[in-house]
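Spelled out from the first residue to the last, the chains are:
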Amino acid sequence: MTSSLWERARRAMPGGVSSPVRAFRAVGGTPPVIARARGAELFDVDGRRYLDLVGSWGPLILGHAHPAVVEAVARAARDGLSFGATCALEVELAERVLERYPFAERVRFVSTGTEAVMSAIRLARGATGRARIVKFEGCYHGHSDGLLVKAGSGLATFGTPTSAGVPAEIAALTDVLPLDDEEAATRLFEVRGREIAAVLIEPLPANAGLLIQREQFLAALRELTHRAGALLIFDEVISGFRVAPGGMTARLGITPDLVTLGKILGGGLPAAAYAGPADLMEKLAPSGPVYQAGTLSGNPVAMAAGLATLAELEQPRVYERLEHLGQELERGLVRALAEAGEPGTVARVASILWLALQPGPAPRSWQAVEPSSAERYSLLHRELLARGVYLAPSAFEVAFLSLAHTEEHVERVVTACAEALNAGARRR
Ligand code: PMP
């Protein structure tokens, strides 16, 4: 059935998918078409089961179809699917978010991470009266025009589009810097500091592998933006609620001007948000001059899923549990790599892991990532899929553990990985 459904998908939808990475182009093969999921497992339309380490790309920190979330969603749905008006669940979730990010006094809900970041940038531009923004190579912030941009040749040249359809004029308003490099950021601020509305960064870059940043680097960005009158935006769409209740902002103790959230916030349904201090956030319409709106923003069913998810995360020791599972998986994978004689390390923060299949320490910048590791990863991915372990279909996407994973699941992944690495080595 998978193959005939996949054929129909390809005839009906570009590349057969609603989002590119799902097509498995980076690893090859036919992606399983999913029928249902529960706990830590996915089931395809042929009834094959997979131990899932993707977790819908981050939202499912409780695992699939968690009973408390499903029940909250069903209850909310019975009371109406959408009102287009402020609702109680929305107020409730807003308060829960602000408790976890105490620097923020107001939160605006939207539907996707893309929209959250795009809107935060508009707010930064509106608040500063400046046009330029800065992002980092290896960070992803959704697909709005100004963020599908790579560095031009040489520092202090203008960014250029990475997608057809993005006008060069728009890309030119974005500067792209290397991660882990205070000097480059300092030089850019010397040249253009007064034109920069905001510096945007994933404080835990998790979209080009897991490029764990030095705290001093993030502190330097805080200092540079502060001095230049620019805003610092932490994109915590992945790390928010995942690495700690208050995300990387809490872990680092560095306060941004705005934070963007998504994924876990919606508990698997479309919800995202941006938040910050009142004086800044009240510049949004209807209070202020920066316009931003949404028909389905603050949707009651999505709010219910988010609230139920955050409530489960308030249970005692859940973050310790995720840390423990993460540690176990990291140890097992490192051991499997060493035993197979495969060059590689595991980068990990809490329940986010990345297998860096390259020699030496885990890279901290995109420049330090070995492109040839992608080929080794494809091989591993195929072998693991055949053994019922579902890893992200790209070498540069991370793995997520959830509270539905157990020590036994972790052991299964490690064993499958050891077998897969040995099978790969035999084939070479
Ligand atoms: N920011 C970050 C850090 C992300 O990882 C993503 C998506 N993976 C986005 C923004 C965009 O979110 P969405 O896919 O919901 O538009």
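The structure displayed is predicted, hence computed values, not measured ones. (Residues numbered from 1 in each chain as written. Predicted model: local features only at pLDDT ≥ 70, side-chain atom pairs only at ≥ 80, totals over all residues. Heavy atoms only, no water.)

Q: Quick question: what am I supposed to make of the overall build of the protein chain here?
A: In terms of regular secondary structure, the protein chain is built from 13 helices and 16 strands. Its C-alpha atoms give the protein chain principal-axis dimensions of roughly 60 × 55 × 45 Å. Residues classed as buried in the protein chain amount to 55% of the 428 residues present. Looking at the protein chain alone, contacts between residues at least 24 apart form 71% of all its contacts between residues at least 6 apart. When the accessible surface of the protein chain is summed, it comes to about 18100 Å², and 53% of that surface belongs to carbon and sulfur atoms. With 44 positive and 47 negative side-chain charges, the protein chain shows a separation of 4 Å between the mean positions of the two kinds. (Helix = DSSP H or I, 4+ residues; strand = E, 2+ residues; numbered from the N terminus. Buried < 20%, exposed > 50% of the residue type's maximum accessible area, 1.4 Å probe, protein only. Contact = heavy atoms within 4.5 Å. Areas by Shrake-Rupley, 256 points an atom, 1.4 Å probe, with all protein chains shown as cover. Lys, Arg positive; Asp, Glu negative; His and termini not counted. Charge placed at Lys NZ, Arg CZ, Asp CG, Glu CD.)

Q: Please clarify how the nonpolar core should be interpreted in this entry.
A: Grouped burial of nonpolar side chains is what soluble globular proteins tend to show. Counting residues in each nonpolar core, the largest one holds 111 residues, and the members touching the most others are Phe136, Ile201, Leu210, Leu221, Phe241, Leu313 and Trp354. Among the elements that line this core, the one with the most residues is helix H11 (residues 318-340), at nine residues. Setting aside residues no more than four positions away along its own chain, leucine 313 makes contact with Ile61, Leu62, Phe241, Ile264, Val318, Tyr319 and Leu403. (Core = buried A, V, L, I, M, F, W, Y, C linked by side-chain atoms within 4.5 Å.)

Q: Help me understand the packing of aromatic side chains in this model?
A: Centre distance and the angle of the planes are the two values used to describe a pair of aromatic rings. Considering all chains together, one arrives at five aromatic pairs under this definition. Ring plane angle 90° and centroid distance 6.2 Å describe the contact between tyrosine 101 and phenylalanine 241, whose orientation is recorded as edge-to-face. With tyrosine 101 in the loop between helix H3 (88-100) and strand S4 (106-110) and phenylalanine 241 in the loop between strand S10 (231-235) and helix H8 (247-252), the pair connects residues that are 140 residues apart, well separated along the chain. Across the pair, phenylalanine 241 and tyrosine 101 agree in class, each one buried. Counting every residue linked through ring pairs, the aromatic cluster contains Phe24, Tyr50 and Tyr390. Sitting over the face of the ring of phenylalanine 43, arginine 36 holds its NZ or CZ atom 4.1 Å from the ring centroid. (Phe/Tyr/Trp six-rings, centres within 6.5 Å; stacked < 30°, edge-to-face > 60°. Lys NZ or Arg CZ within 6 Å of the ring centre and 35° of its normal.)

Q: Would you mind going over the side chain of histidine 64 with me for this structure?
A: With respect to the helices and strands, histidine 64 occurs in the loop between strand S3 (49-52) and helix H2 (67-78). Overall, the relative accessible area of 11% leaves histidine 64 in the buried class. Setting aside chain neighbours within four positions, we find histidine 64 in contact with Ala37, Arg38, Gly39, Glu41, Leu42 and Asp52.

Q: Hey, could you run me through the site of the ligand in this one?
A: With respect to spatial proximity, the complete set of residues near the ligand consists of Thr112, Gly113, Thr114, Tyr140, His141, Gly142, Glu202, Asn207, Asp235, Val237, Ile238 and Lys263. Within the contact set of the ligand, an oxygen atom lies 2.6 Å away from a side-chain nitrogen or oxygen of threonine 114. Look at the ligand: alone it shows 390 Å² of surface, and the protein chains cover 81% of it. (Near = heavy atom within 4 Å. Polar contact = N/O pair within 3.5 Å; in protein donor to acceptor, adjacent residues only side chain to side chain.)

Q: Please explain the domain arrangement of the protein chain as it appears in this structure.
A: Size of an interface, as often reported, equals the accessible area lost when the parts are brought together. Its domain assignment divides the protein chain into domain 1 (2-65 + 316-427) and domain 2 (67-313). Each of domain 1 and domain 2 has a C-alpha centre, and these two points are 26 Å apart. Contact with domain 1, which involves 28 residues of that partner, is made by 32 residues of domain 2. A buried area of about 2600 Å², summed over both sides, lies between domain 1 and domain 2, and 66% of it is on carbon and sulfur atoms. (Domains from an automatic or database assignment. Buried area = accessible area lost by both parts, 1.4 Å probe.)

Q: Help me out: how do you make sense of the pairing of S10 in this one?
A: Looking along a regular strand, one sees side chains alternate from face to face of the sheet. Burial within S10 is extensive, with five of its five residues counted as buried. Both faces of S10 are covered, namely the face carrying Leu231, Ile233 and Asp235 and the face carrying Leu232 and Phe234. Relative to S10, strand S9 (residues 196-201) runs parallel, the two being bridged by four bridges. The residue of S10 that forms the bridge with leucine 200 is isoleucine 233. Crossover connection from S9 via helix H7 (residues 215-228) to parallel S10: handedness right-handed. Relative to strand S11 (residues 258-261), S10 runs parallel, the two being bridged by three bridges. The residue of S11 that forms the bridge with aspartate 235 is threonine 260. (Pairing = 2+ DSSP bridges. Right-handed = clockwise from strand over helix to strand, strands pointing away.)

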